[in-house]
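Architecture and fold: a report
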Amino acid sequence: MLYNCDRLKNSRKNCFKFLPYRWNKPVIVLVVLGFSVLISAWTYYREAIPTGTYQFIYPANFGNRINVPDDNPTTKQGVYLGRMLFYEPRLSANNTISCGNCHQQQFAFTDNRPFSAGADGVETTRNSMSLANLLWARKFFWDGRAASLEEQAAIPLTNPHEMGQSLATSAKKLSTEPQYPPLFKAVYGDDTITGERICKAIAQFERTLISANSRYDQYLRKAYQPTAGELKGMELFNTGPQPEKGIRGANCAHCHGGVKTYLELFHNNGLDSIPKDNGIGALTGLPGDRGRFKVPTLRNIALTAPYMHDGRFKTLDEVLDHYSDHVVQSESLSTVFRGESNEVGGKTLKLSPQEKKEIIAFLNMLTDKDFITNPGFSDPNIRASKK
Amino acid sequence: MKKQLIIAFIAFTGLATSLIAQAQTAATVKVSGEVTTPLSLSLSDLHQYTQTTVVRKDKDGKDHTYSGVILADILQKAGVIMNRESLTKYLLVNASDGYEIIFALAELDKSFTDRAIILADTVDGKPLPQGDGPFRIIVQDEKKPARCIKQVTSLKVLFAK
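These numbers come from a predicted model, not from an experiment.

In terms of helices and strands, chain A carries 17 helices and two strands. Among the 387 residues that make up chain A, the fraction classed as buried is 41%.

A tally of helices and strands in chain B yields three helices and 10 strands. Reading the secondary structure of chain B in the N-to-C direction produces α-β-β-α-β-β-α-β-β-β-β-β-β. Relative to its 161 residues, chain B shows a buried fraction of 25%.

The next thing to look at is the interface of chain A and chain B. When the parts of a complex come together, some accessible area is lost, and that lost area is often used as the size of the interface. Facing 15 residues of chain A, the contacting portion of chain B comprises 11 residues. Each residue belonging to the side of chain A that touches chain B can be placed in one class, and the counts come to four nonpolar, six polar and five charged.

For the rest of this paragraph, the subject is helix α14 (residues 316-326) of chain A. Buried within α14(A) we find A:L316, A:V319, A:L320, A:H322, A:Y323 and A:S324. Its buried side turned inward, α14(A) meets α15 (353-364) of chain A.

The subject of this paragraph is the domain arrangement of chain A. Residues and elements named next belong to chain A. According to the domain assignment, chain A consists of domain 1 (2-48), domain 2 (60-211 + 371-386) and domain 3 (215-367). Put simply, the middle of domain 2 and the middle of domain 3, counted by C-alpha atoms, are 29 Å apart. Taken together, the contacts link 27 residues of domain 2 with 24 residues of domain 3. Each residue belonging to the side of domain 2 that touches domain 3 can be placed in one class, and the counts come to 12 nonpolar, nine polar and six charged.

Below, the discussion takes up the nonpolar core. Counting 43 residues, the largest nonpolar core has A:L81, A:L85, A:A201, A:I202 and A:L209 as its most contacted members. For this core, the secondary-structure elements that each account for two or more residues are α4 (76-86), α6 (149-158), α8 (180-188) and α9 (195-207) of chain A. In this view, A:L209 contacts A:F109, A:L131, A:A132, A:L134 and A:F377; residues no more than four positions away in its chain are not counted. In this structure, B:Y66, B:V93, B:I117 and B:F135 belong to the second largest nonpolar core, which totals 29 residues.

Now for the confidence of the model for chain B. Chain-level pLDDT for chain B is 87 on average; 84% of the residues reach the 70-or-more range. For the stretch residues 13-24 of chain B, pLDDT sits under 50, and the model shows four contacts to residues farther than four places along the chain or on other chains.

Looking now at the sheet that holds strand β1 (residues 29-33) of chain B. Residue and element names in this part refer to chain B. Within the open sheet, the five strands sit side by side as β2-β1-β10-β5-β6. Their pairing is mixed. Pairing within the sheet leaves two strands with one partner each, and these edge strands are β2 (39-41) and β6 (100-104). For this sheet, the mean inter-axis angle between neighbouring strands, taken without regard to orientation, is 20°. Alignment of strand β5 (residues 89-95) against β6, held across five bridges, turns out to be antiparallel. When the sheet's bridge partners are listed, L92 is paired in β6 with I102.

Following the sequence through the fold, B:E85 ends up in the loop between α3 (71-77) and β5. Sequence separation of B:E85 and B:K110 is 25 residues, and the distance between their C-alpha atoms is 16 Å.

Let us look at the packing of α6(A) against α9(A). Residue and element names in this part refer to chain A. Packing of α6 against α9 brings their axes to within 8 Å, and their N-to-C directions diverge by 115°. Judged by the inter-axis angle, α6 sits roughly perpendicular to α9. Crossing handedness for the pair α6 and α9: right-handed. Judged by residue contacts, L149, E150, A153 and A154 of α6 engage G195, C199, K200, I202, A203, E206 and R207 from α9.

The amide bond that connects A:A305 to the next residue, A:P306, takes the cis arrangement and shows omega of -5°. By the secondary structure assignment, A:P306 is in the loop between β2 (293-294) and α14. Cis geometry is found at the peptide bond from B:G133 to B:P134, where omega equals 5°. Its identity as a non-glycine residue notwithstanding, A:N95 has a phi of 60°, on the positive side. Looking at where A:N95 falls in the secondary structure, it is placed in the loop between α4 and α5 (99-102).

All names here are of chain A. The N-to-C vectors of α14 and α15 enclose an angle of 125°; their axes lie 10 Å apart at closest approach. Between α14 and α15, the crossing angle belongs to the class labelled oblique. Classified by chirality, the crossing of α15 by α14 is right-handed. Facing α14, whose interface residues are L316, D317, L320 and S324, α15 presents K356, I359, I360 and L363. Each residue belonging to the contact of α14 with α15 can be placed in one class, and the counts come to five nonpolar, one polar and two charged.

Our next topic: the environment of A:P114. All names here are of chain A. Of note, P114 is situated in the loop between α5 and α6. P114 sits 51 residues away from Q165 along the chain, and the two C-alpha atoms are 23 Å apart. Each residue touching P114, except ones within four places of it in the same chain, is listed here: N127, P306, D310 and G311.

Among the secondary structure elements, B:A27 is positioned in the loop between α1 (2-25) and β1. The buried category is assigned to B:A27, around which 21 C-beta atoms lie within 10 Å. Residues B:A27 and B:F135, spaced 108 residues apart in sequence, show a C-alpha to C-alpha distance of 8.8 Å. In this structure B:A27 touches A:L286 and B:P134, once residues within four positions along its chain are discounted.

Most of α4(A) is tucked away, with 10 of its 11 residues classed as buried. A:Q77, A:G78, A:V79, A:Y80, A:L81, A:G82, A:R83, A:M84, A:L85 and A:F86 are the residues of α4(A) that are buried.

A word on the confidence of the model for chain A. On average, residues of chain A score 90 in pLDDT, and 87% of them reach the 70 mark or higher. Considering only residues more than four positions removed or in separate chains, one finds that residues 1-21 of chain A, a stretch of pLDDT under 50, has eight contacts.

A few words on the pairing of strand β4 (residues 63-70) of chain B. A regular strand places its side chains so that they alternate between the two faces of the sheet. Residue and element names in this part refer to chain B. Where strand β3 (residues 52-57) meets β4, six bridges bridge the pair, whose relative direction is antiparallel. Paired with T53 across the two strands is S67, which belongs to β4. Counted between consecutive antiparallel strands, the loop separating β3 from β4 contains five residues, among which G61 sits at a positive phi close to 80°. Of the pairings in the sheet, the one linking β4 to strand β7 (residues 117-123) comprises five bridges and is antiparallel in character.

About the thresholds
Residues numbered from 1 in each chain as written. Chains lettered and ligands numbered in written order. Predicted model: local features only at pLDDT ≥ 70, side-chain atom pairs only at ≥ 80, totals over all residues. Helix = DSSP H or I, 4+ residues; strand = E, 2+ residues; numbered from the N terminus. Buried ≥ 20, exposed ≤ 12 C-beta atoms within 10 Å, placed from the backbone. Contact = placed C-beta atoms within 7 Å. Nonpolar A, V, L, I, M, F, W, Y, C, P; charged D, E, K, R; others polar. Domains from an automatic or database assignment. Core = buried A, V, L, I, M, F, W, Y, C linked by C-beta atoms within 7 Å. pLDDT = per-residue confidence, 0-100. Pairing = 2+ DSSP bridges. Axes fitted to C-alpha atoms, helices over the stretch in contact; angles between N-to-C directions. Parallel < 35°, antiparallel > 145°, perpendicular 65-115°, else oblique. Left-handed = near helix turned anticlockwise from the far one by under 90°.

This is the structure we're talking about:
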């Protein structure tokens, strides 16, 4: 009101005198409301943005070989901005899709579909990957083609069959949203919005998505006593079969080993003799890379169906059946699947139905409820509107 | 005229497919990092070097004879000089399946050890089997086979920081 009075170059007194004449009541109410909303929004962001170095918290047994680029240190304000951007549909061509559409927290940041529809309605060619413990990852995508989360983020943002918008357009669109320039200033020192800065902030947020409180983690810190079935499953998971010595195993840990159940390996796991999708082979042209895909983390695996790069298996039972009985021999099949069997001279694992159940019981121990309910990972817009 | 065009087309596609086929089979090992001459070694390049054989047991528990090139020779070709500074350097070896291992450079230095570490391409006189080759590191006498890394794609010399 005072502002308007100043503009009218009137004294306060005159201003109030003018009011009944020039302004009617509803307009005043609206103006006051508008200002209060703006001010509260401004103070909300001013007060709510935490600042300073972001401290990653994870168990010691996860190891410290983390992957944070020198030019994108993780800050609390960066993570804050990254989270907003992760759930920002304006980053898509039709303002309807955010990263969070194909990476939903309730499904450990997958979308429970074999393939995901992009902004243009066309489906992706590969299954949406879980986003957990990426802080330790060095190669991203099913074919490992991106060397950093920053590099990775740019691809779904711009792919016409995913979010389908150039980084320049995204930057331009965000520049017109009042909340973003001050946030970019808080993170990068000035309020310039660029594609690179968008990707960097998203990467910062993604690095915070740490899953480390499953029943398996609780077991490792002696806070959970697994059932007999879970223990048997864990043993099979970690043991390579040696039928001549009477040792049974599923050898899962060979590729999914370690506490993170992730070793950053890439294998042809015998899905097809002639793969429709060549995976890394499509990038290198080498016959040894044909049908070679990332061996994903098994963290929260019970929540991330369907399985494989093309989502061909709907359940963990189907996955276990594949590894036990249906691995397809081919020239490109990784050696770990050749001649690994619980039967002397067997070509595939040959697990019993009971063993498969036990392994699945262990896999269910990898579900982390805290991870899928952590409010810090959720859509901030939903939180704000609930308040 | 039409016939000539067809012939030209066939010749062109034939050439193109043979080029593609060649590109598909040309697996190489890249040598990079703290080197003066980065290298990209094909099988035939590797055969230009002095060949050394190492006998060691494989998963089957039997002795096998591997033939290849001493890693130090490859590094020398890339301009790596073994000196006091190299005591804080290491060689990072990557495989196409993402597996990676390291050797301290001193482990590869003949003045430190007689143990041979080679980049092998044959076993018992035959090319390495698919899944192991075309290039595999063989570490003489090491108890565990974990550093006998298969399907090697890159050798990178780095400083310990």
